[in-house]
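Next come the chains, spelled out residue by residue.
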Amino acid sequence: MSKKVRVRFAPSPTGGLHLGGVRTVLYNYLFARANGGDFVLRIEDTDQTRFVPGAEEYIMDCLKWCGLNPDESPVVGGPYAPYRQSERKAMYREYAMQLVGQGNAYLAFDTTEELEEMRRELKVDEHSSVQYDHRTRKRMRNSLTLSADEVNDLVNAGTPYVIRIKVPENQTIVFTDMIRGNITFDSNLVDDKVLLKADGMPTYHLAVVVDDYLMKITHAFRGEEWLPSAPVHLLLWEYLGWIADMPQWAHLPLILKPDGNGKLSKRDGDRLGFPVFAMNWHDPNKNETTGGFREMGFMPQAFVNMLALLGWNDGSGQEIFSMDELISRFQISRIHKGGAKFDFEKAKWFNNQYIQQTADETLVALVRPYFLEKGHNPSDAMLLKVIALIKDRCTLLPDFWAQGSFFFEAPETDPTVVKDAKWNENKQMFFETWLTKLNEHADWTDIALEQSATDNLAAFGLKKGDIMLPLRIMLVGGKFGPGVFHIAELIGKEETMNRIKKVIG
RNA sequence: GGCGCGUUGGUCAAUCGGCUAAGACGCCUCCCUUUCACGGAGGAAUGACGGGUUCGACUCCCGUACGUGCUACCA
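Residues numbered from 1 in each chain as written. Chains lettered and ligands numbered in written order. Predicted model: local features only at pLDDT ≥ 70, side-chain atom pairs only at ≥ 80, totals over all residues. Heavy atoms only, no water.

Section: the overall build of chain A
Moving on, step 1. For chain A, the count of helices and strands is 20 helices and 13 strands.
Moving on, step 2. Taking 2.2 N^0.38 as the reference for a compact globule, 505 residues should give roughly 23 Å; the C-alpha atoms of chain A span a radius of gyration of 32 Å, well beyond that estimate.
Moving on, step 3. Judged by the C-alpha coordinates and their principal axes, chain A covers about 110 × 50 × 35 Å.
Moving on, step 4. Each of the 505 residues in chain A was classed as buried or not, and the buried ones make up 51%.
Moving on, step 5. Relative to all contacts within chain A whose residues are 6 or more apart in sequence, the contacts with residues 24 or more apart total 71%.
Moving on, step 6. Of the roughly 23,100 Å² of accessible surface on chain A, 50% is carried by carbon and sulfur atoms. (Helix = DSSP H or I, 4+ residues; strand = E, 2+ residues; numbered from the N terminus. Rg over C-alpha atoms; globule rule 2.2 N^0.38 Å. Buried < 20%, exposed > 50% of the residue type's maximum accessible area, 1.4 Å probe, protein only. Contact = heavy atoms within 4.5 Å. Areas by Shrake-Rupley, 256 points an atom, 1.4 Å probe, with all protein chains shown as cover.)

Remarks on the packing of aromatic side chains
Moving on, step 1. Taken as a whole, this structure holds 32 aromatic pairs when the rule is applied.
Moving on, step 2. Note on tyrosine 95 and tryptophan 242: the rings are 5.1 Å apart at their centroids and 80° apart in plane angle, and the pair reads as edge-to-face. Of this pair, tyrosine 95 sits in helix α3 (residues 89–102) while tryptophan 242 sits in the loop between α7 (230–239) and β9 (248–252), and the two are 147 residues apart along the sequence. Like tyrosine 95, the residue tryptophan 242 is buried in the burial classification.
Moving on, step 3. Geometrically, the ring pair formed by phenylalanine 274 and phenylalanine 344 is stacked, given 5.4 Å between the ring centres and 20° between the ring planes. One end of the pair, phenylalanine 274, is in the loop between α8 (266–272) and β11 (281–283); the other, phenylalanine 344, is in helix α12 (residues 344–357), with 70 residues separating them in the sequence. Phenylalanine 344 carries the same exposure label as phenylalanine 274, and that label is buried.
Moving on, step 4. Following the ring pairs from residue to residue traces out a cluster consisting of Trp65, Phe274, Phe293, Phe298, Phe303, Phe342 and Phe344.
Moving on, step 5. Above the ring of tyrosine 132, the side-chain terminus of arginine 164 is found at 3.7 Å from the ring centroid.
Moving on, step 6. When the ring centre of tryptophan 349 is taken as origin, the NZ or CZ atom of lysine 346, which lies over that ring, is 5.1 Å away. (Phe/Tyr/Trp six-rings, centres within 6.5 Å; stacked < 30°, edge-to-face > 60°. Lys NZ or Arg CZ within 6 Å of the ring centre and 35° of its normal.)

Examining the protein's contact with RNA strand B
Moving on, step 1. Neighbouring RNA strand B are 58 residues; Asn261, Glu319, Arg393, Gly465 and Gly481 lie closest to it.
Moving on, step 2. Those atoms of RNA strand B that come within 4 Å of the protein belong to sugar or phosphate at a rate of 71%.
Moving on, step 3. Separating a sugar or linking oxygen of RNA strand B from a side-chain N or O atom of glutamate 224 is a distance of 3.1 Å.
Moving on, step 4. Listing elements by their share of the surface near RNA strand B, those giving two or more residues are β4 (162–165), β6 (181–186), β13 (340–341), α12 and α19 (464–476).
Moving on, step 5. Ranked by residues supplied to the surface near RNA strand B, first place goes to α19 with 4 residues.
Moving on, step 6. Grouping the constituent residues of the surface near RNA strand B by class yields 18 nonpolar, 15 polar and 25 charged. (Near = heavy atom within 4 Å. Polar contact = N/O pair within 3.5 Å; in protein donor to acceptor, adjacent residues only side chain to side chain. Nonpolar A, V, L, I, M, F, W, Y, C, P; charged D, E, K, R; others polar.)

A few points about the sheet that holds strand β7 (residues 194–196)
Moving on, step 1. Across the sheet, which stays open at both edges, the 3 strands sit in the order β3-β4-β7 with antiparallel pairing between neighbours. Only two strands of the sheet have a single partner each, and these edge strands are β3 (105–108) and β7. Taken over all neighbouring pairs, the strand axes of this sheet differ in orientation by 45° on average, direction set aside. (Pairing = 2+ DSSP bridges. Axes fitted to C-alpha atoms, helices over the stretch in contact; angles between N-to-C directions.)

Quick look at the packing of α19 against helix α20 (residues 484–504)
Angle between the axes and distance between the axes: these two values describe a pair of packed helices.
Moving on, step 1. It is at 8 Å that the axes of α19 and α20 come closest, and there the two elements cross at 90°. Put simply, α19 runs roughly perpendicular to α20. Counting all contacts with α19, which are made through Met468, Leu471, Arg472, Met474, Leu475 and Val476, the residues of α20 involved are Val484, Phe485, Ile487, Ala488, Ile491, Thr496, Arg499, Ile500, Val503 and Ile504.
Moving on, step 2. In terms of residue class, the contact of α19 with α20 is made up of 13 nonpolar, 1 polar and 2 charged. (Parallel < 35°, antiparallel > 145°, perpendicular 65-115°, else oblique.)

Below, the structure written as structure tokens:
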């Protein structure tokens, strides 16, 4: 009998949603969809000191933007509600006490100062370990060293205490990771992690085990940074008597900084000029906004596709995958073990690919906001024509304005840029003459206009190459853009003539 | 420092013992285009190091080096 696949993404609502977080969501989502399973969003808000208002809604907005909506969450609910750990507070204490009763955990009354002192004393040299573990717990103030009466008195007096796991001595803890295979730990080197904090809230270690069990999670994906605490979790599953129901673990490789070393962080994005968060994040406490991929002009499909390939591939060499393809091709066995440095250039390439493969009609709605922002509200027909002309030179959505503004606004062309060293009387005369011809020109199409220009060149001893660039700069304001006569056709007779006049006087 | 995990071009990466080591991004050259881009054709650039195992090792094993993560009453 195989259980129904259930996976979860369990973020802390403390700030922007990191690219690596989105990838974790994505792998969860793909695995759930491929196996007909459920994808749960659980909010791990057990650290009240780090709570940031709005962060939870923000995370859900990000998931929505990415098209990775959970089947169960604090908002949509579900059979295992509540999905916010702060609302599950009472349950954790119950299990923590069960562990204490079994002798697998104990109460610790040590103050911060006492802990610091212990660590200071232990740190006699570079080689010393300063953990709260099987060696040190014997000298601390806890229910292992104190008599039952003393413990009761302290508790009754309202002395703050935490509950720590009692890690066994001389055991080899082995667990199997779906990506890395068997991983072994020496229990003597694992410390007695705090399970329940003095404020009654569980730490991640207790909460993740209790909730994964209660929510019937079958496969747990999380970042590689959790690997060192995996033995604690394994012990908890054992002690709580749930080992048969423990999910299969998959510790995902880290996403690293493009340059230098280390995990990719928000600061690296600021420093290197690219986003790290899925969407803009405004921190209400610091009152500062950090940029997101969405606002930078990424299409969610491209963003998701790019992330899927950062640490996974299907072995075929294919790089562009629709969500359905990702779902059918995704395999945990093909997730890499090693961390990957993030490459923003490649990320942009993905977006460019998506823009190119998106129908112009679809693009209309996607790029319109950028034109509205500049005070223009073109018709769909007009926008469609512009898109057709410029899409192959657009990588991010705002490029459509950068590459197409001159269709709507006359460029601020400095006449001296056109009338440079190569400018001469013949060119001046050509444009003056051509202007009068244009005024009567009936067939305002790019082909006819090009013909008209060519026909009038010879009289002034000019070649086409002599006037193409000047004309382009008059119409566009720079050395870029689609064919000049296409542009002339689109902006119309009056505007074309005005722009030429403006330069030649 | 200890412990865990990792290591194929600058970056992402294929390869599951036969390699003259794919492909993509980026970079360079040329063609196309009297602009820019797209597109096309080329090019430079890779197995960390040392030992094994094997007819044969990028692939397996062991060391070393390097990188990275953890080492909180944060997740």
